[in-house]
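# Close look at the chain arrangement
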Amino acid sequence: MASASSLLSEERLLCSICLDVFTDPVSIVCGHNFCSSCLHTYWDSGDTCQCPMCKREFSTRPELQVNTVMSELADEFKKLVQVRASTPGPQLPAVDVLCDFCSELKEKAVKSCLTCLTSFCESHLEPHRRVAVLKGHTLLEPVKNLDDRMCETHNKMTELYCLKEQAFICVLCLKADHKGHKAVPLEEQYEKVAATKDKAQANMQKLIQKRIEKIAEVEKLLDVSWVDSEKEEQATVQVFTELIQSIQTSQAELVEAIQQRHRGIKQKGEEFLKELRREVTELKSRSSQLEHLSQSQDHYRFLQSFQTLSKPPHESCPDTDLGPDLSFQATRGHLTRLKQRVEEMMEEIPEIRLKRMREHAVDLTLDPDTANYLLVISEDGKQVTVEDNIEKDKVKDNPKRFAYCQVLAKEGFMTGKFYFEVQVKGKIGWFVGVVRESVERKSWRGRSVEDGYWCIGLVEGKYLTTADLKPIILIEELQKLGVFVDYNKGEVSFYNADSKSLIGCITGCCFTEKLYPYFYPQLNYNGNSAPLIITPVPQTH
């Protein structure tokens, strides 16, 4: 349950027209509240009748309903403010200024002297009201830390304001660092600035009103977005439900057709087998009779029966088609292609595509043995920076180490898919991607696909891939780069990991060696000292 203080917070009770606590609050049909007089004045000043917040237009002025709850809350808040204003509360120690002259129990100061740089209680202030010399000192309401108003260079009070540097200065500063600058007394500058207060306040109120209107606009967009998302979700679920039902029905029909086809083949095959077995039995019987007749001496009977017994029922076995139905194979091929097309369509949605890529995330660690001597690898092996003052002799060389400011990850890959993310925020020059294991490390032949580099980089404010020198135009600022490699397909893709948008893609690659993630932070020029950081990949759900 909300507390009374939260219910009576001032920001909940402000009219967006007058920016003050509600007076006779009324509600209109869109649900927004305003002071009754403010709303009538707003409508009287315009040609159309619309809500000042959401800009909803009405053909006729809607009937205004008194918001009794808001009215009661506004009245309670005003009473609370009056009670607090009339009830003296305890003073916070942080705002108390104590007398600098009181030795033991210090009294509260009533004035501070800018000449003496001292705060006085009522009794110790008495000389300033009596002595002629002290009467000329500048007194003001008690101020803490009077030393802050002293010029640090000349140890004198800053009584002037430099118009050129817009700084508080003392009289000696005009003869030194601010010589020739125009300066005026603080009182004069105060009167000049104070005279613009009303205009500044008016501008401030306009800015507040514009932001209130922008808040209403964004809130309306969020409401519309929520409604659209709900509709889109329901429509998508409906389409998928119908698709699933259609697939399930088609599956059942196809299975029934396959089973029916099998039953027909089985019945036909069993009849064929029955006929073949009958013929085998008959042939065996004739063979036996022929053998018996051949042993008989009755030449007449032998010749009479031989012609009938030796002639088979069929010259050859009957041909029966029991092979697979090619129409089922074609249907299965169509379904496979349909499944692939659905997967391709799903991956056209950036959030789904990146989610599926992140399922192939790998944990990388930078390999110090490959790092150029100017590179510094963090203890966890996730960051690389350039240190220009490192002596080359202090780093032991080896065949794996690069002669230029480059470094590889320890992990290499020869198959499948893998994905990693790198923070490039704050850098104005870099290259990140993958390289083949045999890439040249001791000389500079360039960074191209032909040389074994499949990378993207930022060069002189332009994003380029090693496969194409055409600049890539990015709509969003790139702070975190995602790299996805499909080794078997021969593709390397680069993504803005924050906006989930595709930046570039190198296709048609023929990988034959192990691939290693590659990092080139470039030298520290023109503020390029930020590190390249291998960041954890968000878990997919």
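Up top is the structure these notes are about.
Because the structure is predicted, anything quoted here is derived from the model rather than measured.

Bringing the nonpolar core into the picture now. Where a protein is soluble and globular, its nonpolar side chains tend to be buried together. Among the nonpolar cores identified, the biggest contains 48 residues, and Phe420, Trp430, Val432, Leu481 and Phe519 are the most heavily contacted of them. Those residues in contact with phenylalanine 519, other than ones at most four positions away along the chain, are Leu364, Leu366, Cys405, Gln406, Val407, Ala409, Phe420, Val422, Phe431, Val432, Leu532 and Ile534.

Each pocket or cavity is described by its volume, and for the largest pocket that value is around 600 Å³. If you trace the largest pocket, you find 19 residues lining it, with Glu347, Arg353, Phe484, Lys489 and Glu491 closest to the centre. The set of elements that each furnish at least two residues to the lining of the largest pocket consists of helix H9 (326–346), helix H10 (350–358), strand E20 (480–486), strand E21 (491–496) and strand E22 (501–506). Among the residues forming the lining of the largest pocket, the class breakdown is 5 nonpolar, 3 polar and 11 charged. Computed from the structure, the second largest pocket encloses a volume of approximately 400 Å³. Around the second largest pocket sit 16 residues that line it, and Leu243, Ile247, Leu335, Leu338 and Lys339 are the ones nearest its centre. Listing elements by their share of the lining of the second largest pocket, those giving two or more residues are helix H7 (197–294) and H9.

The backbone of aspartate 24 shows a phi angle near 50°, a positive value even though the residue is not glycine. Along the polypeptide, aspartate 24 turns up in the loop between helix H1 (4–7) and strand E1 (25–27). For aspartate 24, a relative accessible area of 55% gives the class exposed. Notably, glutamine 522 is not glycine yet its phi reads approximately 65°, a positive angle. Counting through the fold element by element, glutamine 522 comes out in the loop between strand E23 (515–520) and strand E24 (532–535).

In this structure, serine 27 sits in strand E1. At 2.3 Å, the side chain of serine 27 and the side chain of asparagine 33 are in polar contact. When near neighbours in sequence (up to four residues on either side) are disregarded, serine 27 contacts His32, Asn33, Leu64, Gln65 and Asn67.

By the definition in use, this model includes 10 aromatic pairs. Here the aromatic rings of phenylalanine 402 and tyrosine 518 are separated by 6.5 Å at their centres, their planes lie at 65°, and the arrangement is edge-to-face. Note that phenylalanine 402 is positioned in the loop between strand E13 (383–386) and strand E14 (407–408) and tyrosine 518 in strand E23, a separation of 116 residues in sequence. Given a relative accessible area of 0%, tyrosine 518 falls into the buried group. Seen from their ring centres, tryptophan 454 and phenylalanine 511 are 5.0 Å apart, and the 85° between their planes marks the pair as edge-to-face. Within this pair, whereas tryptophan 454 is found in strand E17 (residues 453–459), its partner phenylalanine 511 is found in the loop between E22 and E23, the two being separated by 57 residues in sequence.

Glancing now at the sheet that holds strand E10 (residues 167–169). Taken together, 3 strands build an open sheet; the order of strands is E10-E9-E11 and the sheet is antiparallel. The sheet terminates laterally at E10 and strand E11 (183–185), the two strands that pair on one side only. With strand direction ignored, the average angle separating the axes of adjacent strands in the sheet is 35°. For strand E9 (residues 160–162) and E10, the ladder comprises 3 bridges, and the chain directions are antiparallel. The partner of tyrosine 161 across the bridge, within E10, is phenylalanine 168. Along the sheet, helix H6 (residues 186–194) contacts E9, E10 and E11; its crossing angle with E11, the most-contacted strand, is approximately 90°.

Attention shifts here to the pattern of salt bridges. Taken as a whole, this structure holds 16 salt bridges when the rule is applied. Between glutamate 275 and arginine 278 there is a salt bridge whose closest N-O contact spans 2.5 Å. Of this pair, glutamate 275 and arginine 278 are both found in helix H7, 3 residues apart, which corresponds to roughly one turn of the helix. According to the relative accessible area criterion, glutamate 275 is partly exposed, its value standing at 28%. For arginine 278, a relative accessible area of 43% corresponds to the partly exposed category. Across the pair arginine 278 and glutamate 282 runs a salt bridge, and its minimum N-O distance is 3.2 Å. Here the residue arginine 278 and the residue glutamate 282 both occupy positions in helix H7, the gap between them amounting to 4 residues, near one helical turn. One network of salt bridges, with partners in common, ties together Glu275, Arg278, Glu282 and Arg286.

Rules behind the numbers
Within any chain, residue numbers begin from 1 and follow the written order of that chain's sequence. In keeping with the model being predicted, local features are shown solely for residues with a pLDDT of at least 70 and side-chain atom pairs are shown and tallied solely at 80 or more, while totals for entire chains, interfaces and linings include all residues. As a rule here, side-chain values cover all heavy atoms of the structure and leave hydrogens and water aside. As used in this record, nonpolar core signifies buried Ala, Val, Leu, Ile, Met, Phe, Trp, Tyr and Cys residues forming a set joined through side-chain atoms within 4.5 Å. With a 1.4 Å probe rolled over the protein chains alone, any residue whose accessible area is under 20% of its type maximum counts as buried; one over 50% counts as exposed, and the rest are partly exposed. Residues count as neighbours in contact if any of their non-hydrogen atoms are within 4.5 Å of one another. Here a cavity denotes a set of grid points, spaced 1 Å apart and computed over the protein atoms alone, in which a 1.4 Å probe fits but from which it cannot get out, and a pocket denotes an open set meeting protein on both sides within 12 Å along at least five of seven lines; residues with an atom within 4 Å of a point are reported as lining. Grid points are joined across faces, edges and corners, and a volume is the space filled by probe spheres set on the points. Strands are runs of DSSP state E lasting at least 2 residues, helices are runs of H or I lasting at least 4, and numbering of each runs from the N terminus. Gly is placed with the polar residues, together with every amino acid not listed as nonpolar (Ala, Val, Leu, Ile, Met, Phe, Trp, Tyr, Cys and Pro) or charged (Asp, Glu, Lys and Arg). Identification of polar contacts relies on pairs of N or O atoms within 3.5 Å, with a donor-acceptor requirement for protein atoms, meaning one able to donate a hydrogen and the other able to accept it, and with residues adjacent in sequence counted only if both atoms are side-chain atoms. Geometry of aromatic contacts follows a simple scheme: Phe, Tyr and Trp rings, the Trp one being its six-membered ring, pair when their centres are within 6.5 Å, and the pair is stacked under 30 degrees between planes, edge-to-face over 60, tilted otherwise. Only strands joined by at least two bridges in the DSSP assignment are considered to pair. Angles shown run from 0 to 180 degrees and are taken between the N-to-C directions of axes, each axis being a line fitted to C-alpha atoms and, for helices, limited to the stretch in contact. One side-chain nitrogen of Lys or Arg within 4 Å of one carboxyl oxygen of Asp or Glu is enough to make a salt bridge.

In short, the description is geometric, and any link to function would need to be established separately.
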